[in-house]
Amino acid sequence: MDTTDQAYRAERHYSWPRAGSDNGESQASVEPRTGTAPPRSHRTRSIFGYEWAPAALFLFLDVSFWALIYGTISFLRGDAFYSTPLQFFLVDVLQLGVIVQAIFIIGGYSRSTETRSLTYTAEHILAITTALAVSSLLIYVAATFDQSMKPSRGVLLLSFVAFLPLSIFYRRAFAGRIANSAANRAFLVIGSGKVATEFYEAYQRSSSRQRLEFVDPDGQRLGERIAGVGSPAIEGNCKDKLANLDHHYSGVILAERLERLGKDLVENLVRTQFHSARVYTLESFYEAHWRHVPLHAIDPVWPLQMGFQLARSSPYHYLKRLFDLAFSMALLVVFAPLFAIIALLIWMEGKRESSSDPIHGSRRPIIFRQERVGRANQPFVAYKFRTMLMNSPKEPGDIYTKKNDPRVTRLGRWLRKLRLDELPQLFNVFRGEMSLIGPRAEWVRCAERYEKAIPFYHFRHLVKPGITGWAQVNYPYGESDEDAIEKLKYDLYYIRNYSLTLDAMIVLKTVHTMLFSKGR
């Protein structure tokens, strides 16, 4: 059995029957996830212990401080004119709506987001900057139709400049208390078999920091360790634990076959879902907390489930094509000088290489062409700036670019870090072969290899490939079949949650990647 089959079979052991079925960077100091639960008291839970509390708090602070800042600066400067108080109020609400949407997209209202991390801070700055641009566009477009409106650029800019550091400050200030409230509570995992053990091992490899408590619905493995020495002991009294969820647990995770749960327990879980706490299937937990789809949840009819945003009649499908067309045309015009500069640099570097190494060095081609797989498995020719030596030797069957690959030129290394080598693919987007956002367009040879080794790999071809995508911004550059499996989980998450909100999040993360040179 090859390594791909081993990696896949290690995860795929069962499928849930579906009857209707941040990459967090938590750095909070918490108790080990493998230890025994600390002694509990029945004291009143801290307000931060409620799932909705951080979102409500940050939304209240954002609304309050924005209204205070914008109102104060407008009053002090006095150079903005609105014909009525209602007009001023509507403009204020419009800006606030854009701000809230931008912060929501980057997870600024989620209790699982590590708001003290450098990554989040950079994304927050990008989100507020984007909100400023969108607000300005909307307000000044409205002002062209209503001559009584005379918005002030100074008021708008100063308000956003003042709001930005303040909104970051109180998120960082409350992050510790939110993390501590979560650390004192656990997830109750119902299951004690192989599936539960594999979930525990996946949880240990993740960035999640909350404890896990395992209960055996049958009581057959009480006292045993879920995954050997150092892992949590399997407990019983499932019914009593469900009755005390509100005091001790963040939610319930089902890691057991439905037929082992019993009718009474299933009914209890349904009541819990609607009255007490969130009940997750493994698939929904992976999606909500780790933003990818576990491969063991996939079966041949997976795309036919309810809840898919991607559909033949989806309005966003057509809207996205309009966006692709408009933005690809605009970006081709804006980046035309950069195209010329990069082409000249590649030509000059190739000239130096050809003089020092006549066999491998070459000034041409500047644009590299390669057959890739598109939507519905349709092949097309993708364009990229050449970043590697031509005619360079490689091992038979080697289809990956390795870290510090000697075939990559010095200029090519920088183009890859900044993702500028992908710019010629704007022509593919304009022609409708690709989208700006979607799964990576794989080389035909790679796709054929993956489809033989990875079950359901073909599902990623339900959408057009993109220049950037959810897998590209969440997982490092792939250089093995195991990496292809991991990236497929993110691609399937994108397909399931296909939406404007997710695309906007990918755009912000892509800009962050380009600014901090995280490509390869």
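Reference entry: report on the structure contained in this document. (Residues numbered from 1 in each chain as written. Predicted model: local features only at pLDDT ≥ 70, side-chain atom pairs only at ≥ 80, totals over all residues. Heavy atoms only, no water.)

What follows covers the pattern of salt bridges. Scanning the model with the defined rule gives 20 salt bridges in all. With its nearest N and O atoms 3.3 Å apart, the salt bridge here joins R449 to D481. One end of the pair, R449, is in helix α15 (residues 444-453); the other, D481, is in helix α17 (residues 481-496), with 32 residues separating them in the sequence. Of the residues examined, R449 reaches a relative accessible area of 32% and is grouped as partly exposed. Residue class for D481 comes out buried when judged on its relative accessible area of 10%. Through salt bridges with shared partners, a single ionic network connects R211, E213, E235 and K241. (Salt bridge = Lys/Arg side-chain N within 4 Å of Asp/Glu carboxyl O. Helix = DSSP H or I, 4+ residues; strand = E, 2+ residues; numbered from the N terminus. Buried < 20%, exposed > 50% of the residue type's maximum accessible area, 1.4 Å probe, protein only.)

Moving on: empty space enclosed by the protein. In this structure, the second largest cavity spans a volume of roughly 50 Å³. For the second largest cavity, the lining is made up of 10 residues, of which I346, E349, R386, T387 and T409 are closest to its centre. Elements supplying a minimum of two residues to the lining of the second largest cavity: α12 (336-356) and α13 (410-417). Its residues assigned to classes, the lining of the second largest cavity shows four nonpolar, three polar and three charged. (1 Å grid on protein atoms, 1.4 Å probe; cavity = no way out; pocket = protein on both sides within 12 Å on 5 of 7 lines; lining within 4 Å. Points joined across faces, edges and corners; volume = space filled by probe spheres on them. Nonpolar A, V, L, I, M, F, W, Y, C, P; charged D, E, K, R; others polar.)

All right, on to the pairing of strand β7 (residues 379-385) then. The element β7 is extensively covered by neighbouring structure, given that five of its seven residues are classed as buried. Sheet topology note: the strand β6 (residues 367-373)/β7 ladder contains seven bridges and is antiparallel. Looking across to β7, one finds that I367 is bridged to F385. Counted along the chain from β6 to the antiparallel partner β7, the turn is five residues long, and its residue A376 has a positive phi close to 60°. (Pairing = 2+ DSSP bridges.)

What follows is about the side chain of T113. Its location among the elements puts T113 in the loop between α3 (85-105) and α4 (118-145). The class for T113 is buried, based on a relative accessible area of 9%. At 2.8 Å, the side chain of T113 forms a polar contact with the backbone oxygen of G107. (Polar contact = N/O pair within 3.5 Å; in protein donor to acceptor, adjacent residues only side chain to side chain.)

The next point concerns the side chain of T197. Take T197: it is sitting in helix α6 (residues 194-205). T197 gets classed as buried once you look at its relative accessible area, which sits at 16%. Separated by 3.0 Å, the side chain of T197 and the backbone oxygen of I226 make a polar contact. Sequence-distant contacts of T197, that is, excluding residues within four places in its chain, are made with I226 and A227. (Contact = heavy atoms within 4.5 Å.)

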